[in-house]
Amino acid sequence: MKILDQLDELNLDAAAKTQVAALVQSLLDQVKKDAETLQAKDLKIQALILELAHLRRLRYGVKNEALSGLQRDLFEETSTEDLAALMAEVEQADDPAGATVTKPKRPRAGRQPLPPHLPRIEHRHEPASCQCGQCGKDLVKIGEDITEQLDVEPAKFFVHRHIRPQYACRNCETITAATTSFWPAPRWRNG
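One structure accompanies this document, and this report is about it. (Residues numbered from 1 in each chain as written. Predicted model: local features only at pLDDT ≥ 70, side-chain atom pairs only at ≥ 80, totals over all residues. Heavy atoms only, no water.)

This brings us to the pattern of salt bridges. Applying the stated criterion across every chain, the model contains four salt bridges. The closest approach of N and O atoms between R120 and E148, which form a salt bridge, is 3.1 Å. Here R120 is found in strand β1 (residues 120-124), whereas its partner E148 is found in strand β2 (residues 139-153), with 28 residues between them in sequence. Ionic pairing is found between R124 and E122, a salt bridge with its closest N-O pair at 4.0 Å. The exposure class assigned to R124 is partly exposed, which follows from its relative accessible area of 48%. (Salt bridge = Lys/Arg side-chain N within 4 Å of Asp/Glu carboxyl O. Helix = DSSP H or I, 4+ residues; strand = E, 2+ residues; numbered from the N terminus. Buried < 20%, exposed > 50% of the residue type's maximum accessible area, 1.4 Å probe, protein only.)

Shown next, in the form of structure tokens:
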């Protein structure tokens, strides 16, 4: 490299020359690493720009220029292959050392909580006895299990809250809770 060759022209002792050479070499390595990172990011940006342009064409394109179903199928195979090749190139550029890439965690799927503005009707399910079935001592409340069930009357929504307190015996360390059927029959089916 030109920079390392120019070190010989300077009037430095051997120890200083090796220190300067090591510093210059580390800076050159850092510049090379940064250039690779920038190239990988440029590839990713290019892929996202192309994808955005494609989605904009689909969204805002002229309706009479839209492809028919058969015409669309002709280009779907090549676009899928092109997209897969582009994604592989971006992943390869992002991961030059072969390290594994961890995917970000997806948000938890499942039912979201019911809206808080809906009125709630609470149903408390207490155990048959507040005394331990094994030793006869009084039970202590340690928590409760709350489940919510959406119900509807014509043009009116409300939420049933089923609260089942959990009790524990301090003496024998057993836990007791009320047991009832989870889903009561809706009123509109009972008629």
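Now that the structure is up, let's keep going.
A separate point is a nonpolar patch on the surface. On the surface, a cluster of nonpolar side chains totalling about 210 Å² of accessible area is made up of L10, L12 and V20. Mapping L10 onto the fold places it in the loop between α1 (2-6) and α2 (14-60). Note on L10: relative accessible area 46%, which makes it partly exposed. (Patch = residues over 30% accessible without salt bridge, like charges linked within 9 Å, V, L, I, M, F, W, Y side chains within 5 Å. Areas by Shrake-Rupley, 256 points an atom, 1.4 Å probe, with all protein chains shown as cover.)

Okay, the pairing of β2 next. For β2 and strand β3 (residues 156-169), the ladder comprises 14 bridges, and the chain directions are antiparallel. Residue pairing in the sheet places E144 in a bridge with P165 of β3. Taken together, β2 and the strand that follows it, β3, pair antiparallel across an intervening segment of two residues, in which A155 is found at a positive phi of about 65 degrees. (Pairing = 2+ DSSP bridges.)

A few words now on the side chain of R161. As for its position among the elements, R161 is in strand β3. One buried charge, R161, has no salt-bridge partner; the nearest side chain with opposite charge is E122, at 4.0 Å. Residues in contact with R161, not counting those within four places in the same chain, are R120, I121, E122, H123, I146, T147 and E148. (Lys, Arg positive; Asp, Glu negative; His and termini not counted. Contact = heavy atoms within 4.5 Å.)

Taking 1.5 Å of rise per residue, 47 residues should cover 69 Å, and α2 covers 67 Å from first to last C-alpha, within 8% of that figure. Residues V24, A40, L43 and A47 constitute the buried set of α2. (Expected span 1.5 Å × (residues − 1).)

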